[in-house]
Structure formats: structure tokens, C-alpha cells
Amino acid sequence: MNSKNFLGRIVKFILVMGSTLVLIYGVLPMLTSSVGILNRMSVYLADNGINPTNYYYTDVEQVAEAEQYLRTALEE
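The notes below deal with the structure included here. Only a predicted model underlies this, so the values are computations on that prediction, with no experimental measurement involved.

1. What to know about the overall build of the chain
So, point 1. Helix and strand content of the chain: 3 helices and 0 strands.
So, point 2. Put simply, the chain runs from its N terminus to its C terminus through helices and strands in the order α-α-α.
So, point 3. Residues classed as buried in the chain amount to 0% of the 76 residues present.
So, point 4. For the chain, the accessible area works out to roughly 7,300 Å², and carbon and sulfur atoms hold 65% of it.

2. Regarding a nonpolar patch on the surface
So, point 1. Together, Leu21, Val22, Leu23, Ile24, Tyr25, Val27, Leu28, Leu31, Val35, Ile37, Leu38 and Met41 give the surface a local cluster of nonpolar side chains, amounting to about 1,100 Å² of exposed area.
So, point 2. Listing elements by their share of the nonpolar patch, those giving two or more residues are α1 (2–34) and α2 (36–47).
So, point 3. With 8 residues, α1 is the single largest residue contributor to the nonpolar patch.
So, point 4. Tracing the backbone through its elements, the reader meets Tyr25 in helix α1.
So, point 5. According to the relative accessible area criterion, Tyr25 is exposed, its value standing at 65%.

3. Digging into α2
So, point 1. Relative to the 16 Å expected for 12 residues at 1.5 Å per residue, α2 spans 16 Å between its end C-alpha atoms, a close match to the ideal helical length.
So, point 2. Positioned one or two residues after α2, Gly49 has a phi angle of 70°, which is positive.

Conventions adopted
Residues numbered from 1 in each chain as written. Predicted model: local features only at pLDDT ≥ 70, side-chain atom pairs only at ≥ 80, totals over all residues. Heavy atoms only, no water. Helix = DSSP H or I, 4+ residues; strand = E, 2+ residues; numbered from the N terminus. Buried < 20%, exposed > 50% of the residue type's maximum accessible area, 1.4 Å probe, protein only. Areas by Shrake-Rupley, 256 points an atom, 1.4 Å probe, with all protein chains shown as cover. Patch = residues over 30% accessible without salt bridge, like charges linked within 9 Å, V, L, I, M, F, W, Y side chains within 5 Å. Salt bridge = Lys/Arg side-chain N within 4 Å of Asp/Glu carboxyl O. Expected span 1.5 Å × (residues − 1).

Quick look at the structure:
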């Protein structure tokens, strides 16, 4: 009985992971290429060498000011 439950969970896990991979690597790229604004944005990012997953706002002056304010507020 317990092995059937475990097998069912494994099958569900594989189905969910497979569906997720199909969505990420199949459906979303087709959607991006078929919608004009998304296609232009992806071309711009690729042409300029911008990796959106590595884009952090740590160099912005306001972030440094906010970080300094938080440090002084927490030290008090």
C-alpha cells in the first residue's frame, strides 16, 4: 500500500516537472516570439548583452542611501 502511494507521488512529480519544462522551454519562447513587444524586448536584451536574471539594482545611489539609513536606524 505504501509503495503504491510512493509510486503515485513519483509519477505526479514527473508529470509536474515535465509540464513545467514544456512551459518554460516550449510555450514561453513561442509566446515571446509571437508577441511584438516581447520580441523587441528580448532582441534588445540579447543585442546589448543584458542578462535579466542577473540584473540587480545594487549600484543605484538611492539603494546605497537606503541601506545606510537602515544601518543607522538599526544601530540606535
